[in-house]
Amino acid sequence: MPRLDKSQAVFDAAQRLIPGGVNSPVRAYKTVGGVPPHIASAEGARVTDLDGNEYIDMVLAYGPMIVGHGHPEVRAALHDAIDRGTAFGAPTAGELSLARKIIERVPGCEVVRLVNSGTEATMSAARLARAATGRDRLLKFEGCYHGHGDSFLVQAGSGALTLGAPDSPGVPAALAELTSIAPFNDLDAVRALFADRRAEFAAIFVEPVAGNIGCIPPAPGFLEGLRELCDAHGALLVFDEVMTGFRVSRGGYSALTDVRADLVTLGKVIGGGLPIGAYGGRADLMQQISPAGDVYQAGTLSGNPIAVAAGEATLDLLDRRGVYEGLEEQGARLQAGLEQAAREAGVPAVVQRQGSMLCLYLREAPAVNMTDVTASDRERWTRFFQGMLERGVLLPPSPYEAWFLSTAHDAGVVDEVVAAAEGALAGA
Ligand SMILES: *Cc1c(COP(=O)(O)O)cnc(C)c1O
C-alpha cells in the first residue's frame, strides 16, 4: 500500500475536531478500511496526497471536475472573478449569463434559480412542487439520492446506503411518512402507489440515470411511464440531474430523452468544482418562486460570482468541438478494458455506463435496481479497491458510487486504469 503517514496524522487529529474526521461521510473510507489519502494538490486527471503519492483520479470530486483538475481556462476565469470581488449580495451580470447557458442547454428549463448545492436545489424543488400542486406527498426511488434534505433521506443511495443507514435519526417520522418509495425501473410499483393515493402526490423525483447506486440507466419506457402517471394524476415530474446534468450530454439526460420533466435540479458540473446548485423548469412554476411569487427560497451566497465564473468557464469548455464524443470514446475504452480484465481474471463483473459515468459491479447479471446493487460481492470489491489504490488509481471508496472520466482522461490514462484493474481484479 502507499505510505500514508501524513494523511494518517491529519486524519487522527481531525477525528476529534470534525465528525468522523470528514465533512462528508463517504470520504471517511469506513467501507473500504484504512486511512483516506488526504489530497494536497491536483492537476488534470491526477491528484497527489500529503505524502506525495500520485493517483489517477476516478472520483473527480464525485462528478464536478469534468474538464479535469486545474484547467487553465477555469483557473483564469477564477483569478479574474476573484480580482473583481468575491461576494456582493447584489445581482450580477454573470448570473444572467450562467442562467442563459443553462436554459439554452437543458430542454424544458425555461427559468432557473441558482442555489449553493444539489441538496438545496432538490429541497427547493420539493417545496415548489408542494406549493404548486397543493399536495404534500413525494415519490422517490430506492437508492436514488437527492441530497440530505429530510424528505429525501428515505431509502437513499450514496453515503446513506454505503453506511447502512438509509433512514437518519432526526428526520421526523411525520415527514418521512410523506415520502413514498418504489424500486427504480419498476413502473408497476409506481402504478400501485398511485392507485392507492392518486390525489396525494405532489411530485415524482427521479435520477434519470441512477448514479448513486453506481450507474443504472432507465429501462425502456420507465421515464415515459412516470410522465404519463404524473399527467394522469396531476403530479409534477422532477428530474434530479445534479449528477447527470452536463455530464451525460451537453443538456444532461433531458437532452437524451423525449420525456420532459416539469422541474430539473442541477449541481456538480455547473460549479466547475465550486459550491453551486440550480433548479429550473416550466416558467409558470418557477415564477411562483419569491420574489416573483410567494414560494420562499433565498440564499446569502446564491449566485456567488466565483462559483458562477467557474461554472461558466466549464460549460464553455464543454462546448468545444468533440468534447462529449471524446468522453464517450474514453468511456467506451474504459468499459471494454474493464470487461476484458474481469474476463481474464475470471471475476464475474458487469460494467454499466452512461457516457463518462460508469460503475463496475461484481455480479453476473446487470443491475436494474438497488436490490441488485446491494447483492454484489462487497468483500471482493473492497480487495479490488485496495488493489487499485496500491496501483495508483483512486476510486470512489464504495461499490455504490459511480466512477467519472474527465476530458483530461485520455487514452493513455484510461489504459493505465485498465492495466491497474487487470492486476487488482486478478488479486481480488
Ligand atoms: C450529489 C447529488 C445531490 C446532492 O448534491 P450536493 O451538492 O452534494 O448537496 C443530489 N442529487 C443527486 C442526483 C446527486 O448526485
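Here the structure is a predicted model, which is why all the values come from computation and not from measurement.

### A look at the layout of surface pockets
Now for step 1: The computed volume of the second largest pocket comes to approximately 470 Å³.
Now for step 2: Around the second largest pocket, the lining is made up of 22 residues, and of these Pro 91, Glu 95, Arg 113, Ser 302 and Gly 303 lie nearest the centre.
Now for step 3: Breaking the lining of the second largest pocket down by element, the ones donating at least two residues are helix 3 (93–105) and strand 4 (111–115).
Now for step 4: In the lining of the second largest pocket, the residues fall into twelve nonpolar, eight polar and two charged.

### Quick look at the sheet that holds strand 9 (residues 263–266)
Now for step 1: The strand order 4-10-9-8-7-5-6 describes an open sheet built from seven strands, whose pairing is mixed. Because the sheet does not close on itself, it has two edges, and the strands there are strand 4 and strand 6 (179–182). Adjacent strand axes in the sheet meet at a mean angle of 20°, parallel and antiparallel pairs treated alike.
Now for step 2: As defined by bridge partners, strand 5 (residues 137–141) adjoins strand 6 across four bridges and the pair is classed as parallel. Bridged to Phe 141 within strand 6 is Ala 182.
Now for step 3: Packed onto the sheet, helix 7 (residues 187–197) meets strand 5, strand 6 and strand 7 (201–206) and runs at close to 145° relative to strand 6.

### Here's the deal with the side chain of Glu 312
Now for step 1: Considering the arrangement of structural elements, one finds Glu 312 in helix 10 (residues 305–318).
Now for step 2: Using a relative accessible area of 14% as the deciding quantity, one classes Glu 312 as buried.
Now for step 3: At a separation of 2.6 Å, a polar atom in the side chain of Glu 312 contacts the side chain of Lys 101.
Now for step 4: The residues touching Glu 312, leaving out its near neighbours within four places in the chain, are Gly 94, Ser 97, Leu 98 and Lys 101.

### A short note on the site of the ligand
Now for step 1: Surveying the vicinity of the ligand reveals the residues Ser 117, Gly 118, Thr 119, Tyr 145, His 146, Gly 147, Glu 207, Asn 212, Asp 240, Val 242, Met 243 and Lys 268.
Now for step 2: Asp 240 is positioned such that a nitrogen or oxygen atom in its side chain is 2.7 Å from a nitrogen atom of the ligand.
Now for step 3: Taking Lys 268, its side chain carries an N or O atom lying 2.6 Å from an oxygen atom of the ligand.
Now for step 4: Broken down by class, the residue content of the shell around the ligand amounts to three nonpolar, six polar and three charged.

### Let's talk about the nonpolar core
One broad rule of soluble globular proteins: the nonpolar side chains tend to lie buried together.
Now for step 1: Grouped together as the largest cluster of nonpolar side chains are 73 residues, with contacts concentrated most on Ile 102, Phe 141, Leu 226 and Phe 246.
Now for step 2: Sorting elements by how many residues they give to this core places helix 10 first, with nine residues.
Now for step 3: Per-domain counts for this core show at least three residues from each of domain 1 (5–70 + 322–426) and domain 2 (72–318).
Now for step 4: Aside from chain neighbours lying at most four places away, what touches Ile 102 is Cys 109, Val 112, Leu 114, Phe 246, Leu 266, Ile 270 and Ala 278.
Now for step 5: With 41 residues, the next largest nonpolar core counts Val 22, Ala 28, Trp 403 and Val 417 among its residues.

### What to know about the sheet that holds strand 3 (residues 54–57)
Now for step 1: If you trace the four strands from one edge of the open sheet to the other, you get 1-2-3-13, paired in mixed fashion. Two strands close off the open sheet at either side, each with one partner strand: strand 1 (39–43) and strand 13 (393–394).
Now for step 2: Relative to strand 3, strand 2 (residues 46–49) is paired through three bridges, and the arrangement is antiparallel. Counted as the bridge partner of Val 47 is Tyr 55 from strand 3.

### As for helix 2 (residues 72–84)
Now for step 1: Along its 13 residues, helix 2 runs 19 Å from first to last C-alpha, staying within 8% of the 18 Å computed at 1.5 Å per residue.
Now for step 2: The complete set of buried residues in helix 2 reads Val 74, Ala 77, Leu 78 and Ala 81. Seen end-on, helix 2 carries its buried residues on one side only, within an arc spanning 100°. Relative to its buried face, helix 2 has exposed residues pointing more than 90 degrees away, namely Pro 72, His 79 and Asp 83.

### So, the domain arrangement of the protein chain
Now for step 1: Each domain of the protein chain was delimited in the assignment, giving domain 1 (5–70 + 322–426) and domain 2 (72–318).
Now for step 2: With 36 residues of domain 1 at the interface, the matching set in domain 2 holds 37 residues.
Now for step 3: For the pairing of domain 1 and domain 2, the buried interface totals around 3,000 Å² over both sides, and the portion due to carbon and sulfur atoms is 64%.
Now for step 4: Among the residues of domain 1 in contact with domain 2, Tyr 324, Gln 354 and Met 370 are the three that bury the most area, contributing 23% of the side total.
Now for step 5: For the interface between domain 1 and domain 2, the tally reads one salt bridge.
Now for step 6: For Arg 75, the salt bridge goes to Glu 43, with nearest N and O atoms at 3.7 Å.
Now for step 7: At the surface where domain 1 touches domain 2, the tally comes to ten residue pairs in polar contact (both at pLDDT 80 or more).
Now for step 8: Secondary-structure elements contributing two or more residues to the side of domain 1 that touches domain 2 are helix 11 (323–345), strand 11 (350–354), strand 12 (357–361) and helix 12 (370–374).
Now for step 9: Tallied by class, the residues present in the side of domain 1 that touches domain 2 amount to 21 nonpolar, ten polar and five charged.

The rules behind these values
- Residues numbered from 1 in each chain as written.
- Predicted model: local features only at pLDDT ≥ 70, side-chain atom pairs only at ≥ 80, totals over all residues.
- Heavy atoms only, no water.
- 1 Å grid on protein atoms, 1.4 Å probe; cavity = no way out; pocket = protein on both sides within 12 Å on 5 of 7 lines; lining within 4 Å.
- Points joined across faces, edges and corners; volume = space filled by probe spheres on them.
- Helix = DSSP H or I, 4+ residues; strand = E, 2+ residues; numbered from the N terminus.
- Nonpolar A, V, L, I, M, F, W, Y, C, P; charged D, E, K, R; others polar.
- Pairing = 2+ DSSP bridges.
- Axes fitted to C-alpha atoms, helices over the stretch in contact; angles between N-to-C directions.
- Contact = heavy atoms within 4.5 Å.
- Buried < 20%, exposed > 50% of the residue type's maximum accessible area, 1.4 Å probe, protein only.
- Polar contact = N/O pair within 3.5 Å; in protein donor to acceptor, adjacent residues only side chain to side chain.
- Near = heavy atom within 4 Å.
- Core = buried A, V, L, I, M, F, W, Y, C linked by side-chain atoms within 4.5 Å.
- Domains from an automatic or database assignment.
- Expected span 1.5 Å × (residues − 1).
- Arc of directions from axis to C-beta.
- Buried area = accessible area lost by both parts, 1.4 Å probe.
- Salt bridge = Lys/Arg side-chain N within 4 Å of Asp/Glu carboxyl O.

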